[in-house]
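What follows is the residue order along each chain.
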Amino acid sequence: MTLGVLAVLAMLFVMFSGFWTDWLWYRSVDYSSVFTTTLWTKIGLFFAFGALMAAAVGVNIWLAHRLRPPLSAMSMEQQSLDRYRMGIAPYKKWALIAVTAVVGLIAGASASGQWRTWLQWVNGVPFGQKDPQFGQDVSFYAFDLPWYRFLLSFGFACAVLCLIAAALTHYLYGGLRLTSPGSRATAAATGHLSVVLGIFVSLKAVAYWLDRYGLAVKSSGLKSADGWTGLRYVDANAYLPAKTILFFIAAICAVLFFATLWRRTWQLPVIGFGLMVLSAVLIGGLYPAIVQKFQVQPNEQAKEAPYIKQNIKATRDAYDINGVDVQGYDGNYKPKGDADRQKLRDAADTTASVRLLDPNVVSPSFQQRQQVRSYYQFPSTLDVDRYKDKDGKDQDTVIGLRELNLNGVSERNWINDHFKYTHGFGAVAAKGTTFAEGGEPDYTESELPSKGQFGPYEQRVYYGEKTTQYSIVGGPQKELDYSSDKSGEKSYSYTGKSGVNLANPINRAAYAVAFGEPQILYSGAIGEGSRILYNRTPKERVEAVAPWLTIDGDAYPAVIDGRIKWIVDAYTTSNGYPYASRTTLGDTTADSLTDGQRAVVAQQNQVNYIRNSVKATVDAYDGSVKLYEWDTKDPVLKTWMKSFPGTVEKKSSISKSLMEHMRYPQDLFKVQRQLLTTYHVTDPNTFYTGSERWQVPNDPTNKSGNSVPPYYQSLKMPDQKAQTFALTTTFTPNKRDNLGAFMAVDANATSADYGKIRVLKLPSQTPVPGPQQVQSKFNSDPKIANELNILKKLGDSEIEYGNLLTVPMNGGLLYVEPVYLRGAGTNYPLLKKVLVSYGENDPVLGNNLAEALDVVFGKKPPGSGNQNPPGGGDTGQQPPADQTVQQALDDAVKAYEDGEKARRDGDWGGYGEAQKKLKSALDRAAEAEKKAQKGNAGKNGGAGSG
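What you see is a predicted model, and the numbers here were worked out from it, not measured in a lab.

**Q** Go over the overall build of the protein chain, please, and point to the residues and values.
**A** When helices and strands are counted, the protein chain shows 26 helices and 33 strands. Relative to its 946 residues, the protein chain shows a buried fraction of 55%. Within the protein chain, residue pairs in contact and separated by at least 24 positions form 70% of the contacts whose partners lie at least 6 positions apart. Carbon together with sulfur atoms contributes 56% to the accessible area of the protein chain, which is approximately 40100 Å² in total.

**Q** Account for the pairing of strand β5 (residues 394-401), with residues named and values stated.
**A** Among the eight residues in β5, seven count as buried, and that is most of the element. Of the pairings in the sheet, the one linking strand β4 (residues 383-388) to β5 comprises six bridges and is antiparallel in character. Bridge assignment links tyrosine 387 to a residue of β5, and that residue is glutamine 395. The antiparallel pairing of β4 with β5 creates a hairpin that spans five residues between the two strands, and glycine 392 there sits at a positive phi of about 85 degrees.

**Q** Which residues make up the confidence of the model for the protein chain, and what are the values?
**A** Here the protein chain averages 87 in pLDDT, and 89% of its residues register 70 or above. Between residues 864-883, whose pLDDT stays under 50, and residues either more than four places distant or in other chains, the model counts 55 contacts. For residues 935-946, every residue scores under 50 in pLDDT, and the model assigns this stretch 43 contacts once sequence neighbours within four places are set aside.

**Q** Report on the packing of aromatic side chains, specifying residues and quantitative values.
**A** Enumeration according to the criterion identifies 52 aromatic pairs in this entry. Centroid distance phenylalanine 156 to phenylalanine 200: 5.2 Å. Interplanar angle 65 degrees. Geometry classified as edge-to-face. Here phenylalanine 156 is found in helix α6 (residues 138-172), whereas its partner phenylalanine 200 is found in helix α7 (residues 187-214), with 44 residues between them in sequence. A relative accessible area of 29% places phenylalanine 200 in the partly exposed class. Relative to phenylalanine 247, the ring of tryptophan 209 lies with its centre 5.0 Å away and its plane at 50 degrees, an arrangement referred to as tilted.

**Q** Which residues make up the packing of helix α2 (residues 32-66) against helix α5 (residues 115-123), and what values do they have?
**A** Contact geometry for α2 and α5: axes closest at 10 Å, N-to-C directions at 100 degrees. By the criterion of interaxial angle, the relationship of α2 to α5 is roughly perpendicular. Here α2 contributes Thr38, Thr41, Lys42 and Leu45 to the contact with α5, which in turn contributes Trp115, Trp118 and Leu119. Class assignment of the residues belonging to the contact of α2 with α5 gives a composition of four nonpolar, two polar and one charged.

**Q** Mind laying out the sheet that holds β5, listing which residues take part and the relevant values?
**A** One open sheet accounts for five strands, arranged β4-β5-β8-β9-β10; its pairing is antiparallel. One side of each edge strand has no neighbouring strand; the edge strands of this open sheet are β4 and β10 (451-452). The pairing of β5 with strand β8 (residues 427-435) spans five bridges and is antiparallel. Bridge pairing links valine 398 to alanine 430 in β8. Against the sheet, helix α12 (residues 363-370) touches β5, β8 and β9 (441-446), its axis set at about 55 degrees to β9.

**Q** So what's going on with the environment of valine 138? Which residues, and what values?
**A** Among the structural elements, valine 138 can be located in helix α6. With relative accessibility at 2%, the residue valine 138 sits in the buried group. Distance in space between the C-alpha atoms of valine 138 and glycine 128 is 7.5 Å, their sequence separation being 10 residues. Setting aside its immediate chain neighbours within four residues, valine 138 contacts Phe127, Gln129, Gly576, Tyr577 and Pro578.

Rules and cut-offs
- Residues numbered from 1 in each chain as written.
- Predicted model: local features only at pLDDT ≥ 70, side-chain atom pairs only at ≥ 80, totals over all residues.
- Heavy atoms only, no water.
- Helix = DSSP H or I, 4+ residues; strand = E, 2+ residues; numbered from the N terminus.
- Buried < 20%, exposed > 50% of the residue type's maximum accessible area, 1.4 Å probe, protein only.
- Contact = heavy atoms within 4.5 Å.
- Areas by Shrake-Rupley, 256 points an atom, 1.4 Å probe, with all protein chains shown as cover.
- Pairing = 2+ DSSP bridges.
- pLDDT = per-residue confidence, 0-100.
- Phe/Tyr/Trp six-rings, centres within 6.5 Å; stacked < 30°, edge-to-face > 60°.
- Axes fitted to C-alpha atoms, helices over the stretch in contact; angles between N-to-C directions.
- Parallel < 35°, antiparallel > 145°, perpendicular 65-115°, else oblique.
- Nonpolar A, V, L, I, M, F, W, Y, C, P; charged D, E, K, R; others polar.

Written out as structure tokens, the structure is:
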């Protein structure tokens, strides 16, 4: 008995620990109202629907028992049942309580999971837009219809359980007989069960009526659109009248079941039910199939055109792409002389600040050169932001935080893991458009502690993307702050207000149970002032305090007003926007760079409405979370703000310094670009044929086979007068590799045009090379291939291609791609070359961007530019050693061509001689390249432009 009591108490304390630690955490981040609102909503739904289900089942069991016949029939069946009746007689009350409690608990648990649906229904705000078929406000489909669907499903479950419970009770007490002579059911049992069946059929009638509205949000197939949603011709002209007819038939059938209370016969209800089933097959199934076959298919394009038009409008509204500015763009501009080429060369410096530092490639450089200690790490993909340079101009900047990496700790134990090594230290940043000597990033903030352009700021990183373990800080045990060669290890004790206080023994016991770590309860390293930090990733914290938001996959850091802030974009979504086609967020937002760290955190994966309604920040030191209203017109956000008052601050609360670092989010852009592959077309007939459909090309710089990621870069679109920070991507025509369109959105939150999407549509008659074709042109050019082979031979190195950037410029398209060299000894990439292509000009491989642009626009002949490594030379005359490099390359090209000719002619002796000459030329070029690099060491300049 004692052991049983102790086991129950232990189980209760485990349950209490989970609840108590959650409450303490929400209170620590000042979002206790989210916890209490969610909790009380769940509790209310649990008890309300649990009690309703238990009462319904219990009443039907009690009523069936009360309506039992006074005498059971004399039959073997009833004699067998007598034993069960006698056995259960002493426990009837407890059996009733047990059955109703079980069904009540199950129903209550199911209903509590609908807390989001309930809060949206109670607090729903009108959209101010009506659907074209029924004239209902969009909020009816987004907020009301899901709740009505839940109520209906609950009613069906309740009716079925009541029917089963009543039938079993009637059978047990003789009201229903399967083998006994005479009537199979007593009049009382017949009346009781017919009423329950009547309720079930009444619910079916309601279901038919709601199905009419459900057609507006129903997914169906249309070959020219993925995720098509809404009514089509057959829905409006066959299914809709069929659902209306079936509603009336079901209502009549329900009346016939209720009439059995007086007639005490199943004849009419059974006939009515059979008629309803037959009608459902003929009217609800066969008739729409006939309409589709004989009316729609012979002239589908004309029949579907009005509904396609409604779908296009709704989809463009739901994904906020209705205001997309689509312009025609030639893309094939050819310069008409030296003056024109000079104009293009000048335009290249002003049209874009080409970001050569690829945040997806250079992380190993940050890791090797700025990690400093093995227990620090940088993310595999760095972030792009903007910071003012010394002249006050915006500079595209690649930034990453030096976060904690426990795998790099030499001695792993509980104290080291959770008390000593608790935080990362400092930000590291580099210019996006220039490089330092030897091709390394041009750091603007570096070293440990970090110093540079950011000035003094709180560098300790207690909350970050890589910080997933819990830490206990602020108590007797000192932390390792940072370690330097000059001053050795520095100790620190956390002074922030973040985390939960562990001085209370109840708190310690609760966390010991919740984390499965008994040492928390009795460790001497925990004492007065000790605080436990957990839920430490920015996305995790925002998702916890706003469980109704979908979180963007890429949280990024910014140094603002002396603090490191993580900026997190968050979305409100819906799956109930009438006529708007659906998309799957997990699939749509995936690209060649998506990994577990950068995946979207979606409350609802299938959506057909999305808004970037909230911008959130998480302080890297104290973990404080701020939610800011961004889309002030979004009715879904307004609904949630009514549900959780006080959790979201007004947009006016965003400081100017914070606003300067906010940007257009990548995941929303990916969703919009995927929709625009189809919905850039607004003509229903063109939409139906699919002739203008685009696709997002695969990333040409790697072999993943996944979509090319969007790129942040500062550029000037044709209708703009100055550069702006933008997020860009390309499209290709469906199943083709030439360029179909270029898309850019103004990503600068301080810009008046923020969020404006511009699309340049390329002509289909004169194909313009797309990213894959440009990459192939780079790879197949013999001179470029030979120069890259020389680079690879230097130290047994590997070539890595950076982001292939596309820049619309003066009627043509400029492609720029940095080329990195990863040496076997260094194991991190260095920028060595820059690939450039414009129009039909031959592609150019330059040592820096300025040189490559000079050559591609004819300002310099090929090979006449300097041969310094990027960032390591000037624009003066080349040294004699570089002439040797070019001569050797020319000899190598000639030897390669001679060898290919000999191979085709079957002259294997000549082929062998040509291979010897090729090897000799490559060796001479490699030697000359080494001499050129030594001769130019220590110089600086010209990797960037603009």
